[in-house]
2 protein chains.
Amino acid sequence: MSDPCVLVLDADPLPRLDRLAGRAVITHTDEPSLPELLPEADVLLVWDFLSDAVRAAWPGPGPRPRWVHTASAGVDRLLIPELLASDTVVTNARGTFDGPIAEYVAGLVLAMAKDFPGRWAAQRERRWAYRETEKVAGTRAVVVGSGPIGRRIARTLLVLGIEVELVGRTARETDREFGRVHGNGALPGLLRGADWVVCAAPLTPETKGMFDADAFALMKPTARFVNVGRGQHVVEDDLADALAGGRLAGAALDVFSDEPLPADSPLWGLPGLLISPHMSGDTVGWRDDLSAQFCDNFDRWIAGEPLFNVVDKELGYVPGEMA
Amino acid sequence: MSDPCVLVLDADPLPRLDRLAGRAVITHTDEPSLPELLPEADVLLVWDFLSDAVRAAWPGPGPRPRWVHTASAGVDRLLIPELLASDTVVTNARGTFDGPIAEYVAGLVLAMAKDFPGRWAAQRERRWAYRETEKVAGTRAVVVGSGPIGRRIARTLLVLGIEVELVGRTARETDREFGRVHGNGALPGLLRGADWVVCAAPLTPETKGMFDADAFALMKPTARFVNVGRGQHVVEDDLADALAGGRLAGAALDVFSDEPLPADSPLWGLPGLLISPHMSGDTVGWRDDLSAQFCDNFDRWIAGEPLFNVVDKELGYVPGEMA
């Protein structure tokens with residue numbers, strides 16, 4: 001049997017796949033060449049996880065990769081009808097981003113409570129702008145998304161003394177760590193009481209656009225919203241209206257419907273909105289971690305063992321106790 | 001016996017002392033009137049803790065307050081030879097600021113690790129400036145100051161996964177919470193290994209100017225320095241040189257030798273330096289907490305019970321297990 005063909009849809013820099021040397025034929029591709037190469041591949045590694053090229057290039061009837069791995073936690077760009085209907089296994093980068101994203105969210109919460117943006121604006125004006133700030137201990141957060149990222153965020157906010165309610169697809173009363181996990185149906189009531197609302201959900205048809213005018217209207221005018229999920233969780237115009245109208249005290253977005261956020265987007269200059277360029281999970285060395293995670297899974301695949309992080313293609317994420 | 005006279009050296013807004021009604025004669029004073037009123041006072045409440053007026057006004061031989069309370073954690077402005085030599089009891093606001101300051105420091109550490117200042121600068125330019133950032137989990141911090149504020153900072157950094165070494169006046173191996181507390185003599189070695197150096201020490205002759213060119217030279221060029229102690233812990237020119245010369249990656253100062261920091265100070269525009277106006281401990285309601293703390297101690301004083309938070313005037317802070 002010849003070595004399997006691993007096709008890599010690249011972004012810069014290339015993944016480190018030295019561990020596969022002698023055991024796989026590795027072919028790198030860009031978007032234009034993907035349709036031609038895809039039917040020949042046994043394995044597709046989607047390194048450029050923001051690309052929609054797989055959707056365009058996925059083969060119809062006939063040969064196709066048996067395994068697709070995406071170097072991201074979200075798999076929304078792979079939820080293609082033809083891929084859903086196939087027996088191709090999809091795996092993701094679950095676990096790599098949890099800690100960094102939780103740190104990022106905790107930093108944003110503290111930065112907003114302590115008004116770092118305002119203090120540093122005063123610094124640029126050489127102005128001693130004393131003000132009282134907020135304690136985060138004793139405030140209340142709602143974290144939407146009960147997968148590993150949402151759980152890690154919840155845990156980090158908890159150790160800062162914040163009361164946290166976790167919301168997932170399915171309500172349950174016996175979560176090993178958090179006791180109760182709320183279902184999405186409980187969200188309206190929870191939004192009313194929250195000082196912090198954090199979105200870390202997978203993007204699925206159910207969660208798309210869930211943060212709209214109705215949701216923002218439920219939140220307290222002193223509440224703040226953080227999105228580290230996907231841009232399409234948020235109706236951005238509705239968020240802009242809520243902020244501009246003073247119906248929400250602040251927000252921080254790391255993800256956007258359209259990335260990179262175009263220079264002419266009105267979001268850039270919106271008062272009370274903190275913008276970062278889809279980087280909350282990306283700490284130095286993250287690409288090496290992602291490469292190692294794929295190689296680990298390749299070892300299992302070659303040995304015929306069950307893969308880690310197999311995505312339930314109907315649900316749109318890796319299910320299980322932690323989901 | 002007539003009601004005791006409580007003299008209050010005010011800052012805005014006034015402390016809430018309603019609880020003392022009918023039990024004390026409360027007189028408010030400003031700096032010019034302090035010398036005249038001070039000898040008549042039984043109790044002095046230094047509400048304007050940044051004032052040096054007590055130093056100028058403290059009576060020589062003759063009557064003087066038997067108890068001085070300062071609405072601050074630091075008592076450095078009360079360490080006057082005549083007050084040291086007297087039998088006047090000094091108490092402070094120990095405990096009120098611990099949690100807020102620890103949150104503030106954690107926020108600064110996360111903000112620097114995630115480069116919030118750089119991302120928000122890019123936002124002002126409508127620029128999608130993607131970059132990798134740093135994990136804080138697994139980094140190493142040195143917290144100088146093993147009183148309640150330093151300990152609370154250490155505890156908060158620990159729960160974020162940071163390895164923390166605590167430095168106090170006296171080395172000990174059997175600290176109930178941290179195991180080992182290092183003495184100041186161990187500082188040079190600890191500075192060499194630290195990613196984060198946090199000053200939360202009391203200002204005493206031993207700690208004044210401890211962060212000077214020699215100290216900054218020991219730190220890694222990737223290290224960052226945070227001061228929430230007192231401005232005079234730092235030789236500001238030396239810090240500016242270290243930052244400007246790239247021998248230190250960043251710093252955040254909440255306190256300064258000269259407060260408010262003058263508009264013409266070169267510190268305002270120093271790259272890599274984050275400035276806030278002596279506010280790290282001041283969360284909404286903090287003055288009410290301080291008032292309540294003084295009134296609690298007044299209840300004990302009237303009842304002839306031992307006061308809380310009695311400062312060891314030689315040491316310059318409240319000693320004990322937590323010091």
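What counts as what
Sequence order sets the numbering: in each chain, residues are counted from 1 along the sequence as written. Ligands are numbered from 1 and chains lettered from A, in the order in which they are written. Given that this is a predicted model, residues contribute local features only at a pLDDT of at least 70 and side-chain atom pairs are listed and counted only at 80 or more, while totals for whole chains, interfaces and linings are drawn from all residues. Each side-chain value is derived from all of the structure's non-hydrogen atoms; neither hydrogens nor water enter the calculation. Buried residues are those whose accessible area, probed at 1.4 Å on protein chains only, stays under 20% of the maximum for their type, while exposed residues exceed 50% and partly exposed ones sit between those limits. Elements are defined by DSSP. Helices are runs of H or I of four residues or more, strands are runs of E of two residues or more, and each kind is numbered from the N terminus. The contact rule is simple, with two residues in contact once any of their heavy atoms fall within 4.5 Å. Polar contacts, as counted here, are pairs of nitrogen or oxygen atoms within 3.5 Å of one another; within protein the pair requires one atom able to donate a hydrogen and one able to accept it, and residues that are adjacent in sequence qualify only if both atoms are side-chain atoms. Paired strands, as defined in this entry, are two strands with at least two bridges between them according to DSSP. The convention used is that axes are lines fitted to C-alpha atoms, helices contributing only their stretch in contact, and that angles between N-to-C directions extend from 0 to 180 degrees. Buried area is a sum: the accessible area each of two parts loses on coming together, probed at 1.4 Å, counted once for each and added. The term salt bridge refers to a side-chain nitrogen of Lys or Arg lying within 4 Å of a carboxyl oxygen of Asp or Glu. Residue type decides the class: Asp, Glu, Lys and Arg count as charged, Ala, Val, Leu, Ile, Met, Phe, Trp, Tyr, Cys and Pro as nonpolar, and the leftover types, Gly among them, as polar.

Draft legend 1. Representation of helix α5 (residues 116-124) of chain B within the structure. Residues of α5(B) that are buried include every one of B:Phe116, B:Gly118, B:Arg119, B:Trp120, B:Ala122 and B:Gln123, and no others. On its buried face, α5(B) is in contact with α4 (98-113), α5 (116-124) and β13 (273-275) of chain A together with α4 (98-113) of chain B. Two or three places before B:Gly118, at the opening of α5(B), B:Asp115 has a side-chain oxygen 3.0 Å from that residue's backbone nitrogen. One or two positions beyond α5(B), positive phi appears at B:Arg126, with a value near 55°.

Draft legend 2. View of the sheet that holds strand β1 (residues 5-9) of chain A. Residues and elements named next belong to chain A. The parallel open sheet is built from 5 strands, whose spatial order is β2-β1-β3-β4-β5. On the outer flanks of this sheet lie β2 (25-29) and β5 (89-91), each paired with one strand and no other. Each adjacent strand pair in this sheet contributes to an overall mean axis angle of 20°, direction not counted. Relative to strand β3 (residues 43-46), β1 runs parallel, the two sharing 4 bridges. Each residue of the ladder has a partner; that of leucine 9, found in β3, is valine 46. Strands β1, β3, β4 (67-70) and β5 of the sheet are contacted by helix α10 (residues 286-302), whose axis makes an angle of about 160° with β4.

Draft legend 3. View of the sheet that holds strand β9 (residues 179-183) of chain A. All names here are of chain A. Taken in spatial order, the 8 strands line up as β8-β9-β7-β6-β10-β11-β12-β13 in an open sheet, and their pairing is mixed. Where the open sheet ends on each side, the last strands, each with one partner, are β8 (172-175) and β13. When strand polarity is set aside, the average angle formed by the axes of neighbouring strands in this sheet is 20°. In terms of strand pairing, strand β11 (residues 224-227) meets strand β12 (residues 250-253) through 4 bridges, oriented parallel. Bridge assignment links asparagine 227 to a residue of β12, and that residue is leucine 253.

Draft legend 4. Fine view of the interface of chain A and chain B. Contact with chain A, which involves 54 residues of that partner, is made by 54 residues of chain B. Taken together, the two surfaces of chain A and chain B that pack against each other cover about 4,800 Å², and 64% of this comes from carbon and sulfur. Inspection of the chain A/chain B interface yields 4 salt bridges. Between B:Lys114 and A:Glu103 there is a salt bridge; the shortest N-O distance is 2.9 Å. Our enumeration of links across chain A and chain B arrives at 28 residue pairs in polar contact (both at pLDDT 80 or more). Its residues assigned to classes, the side of chain A that touches chain B shows 29 nonpolar, 10 polar and 15 charged.

Just geometry here; none of it tells us what the structure is for.
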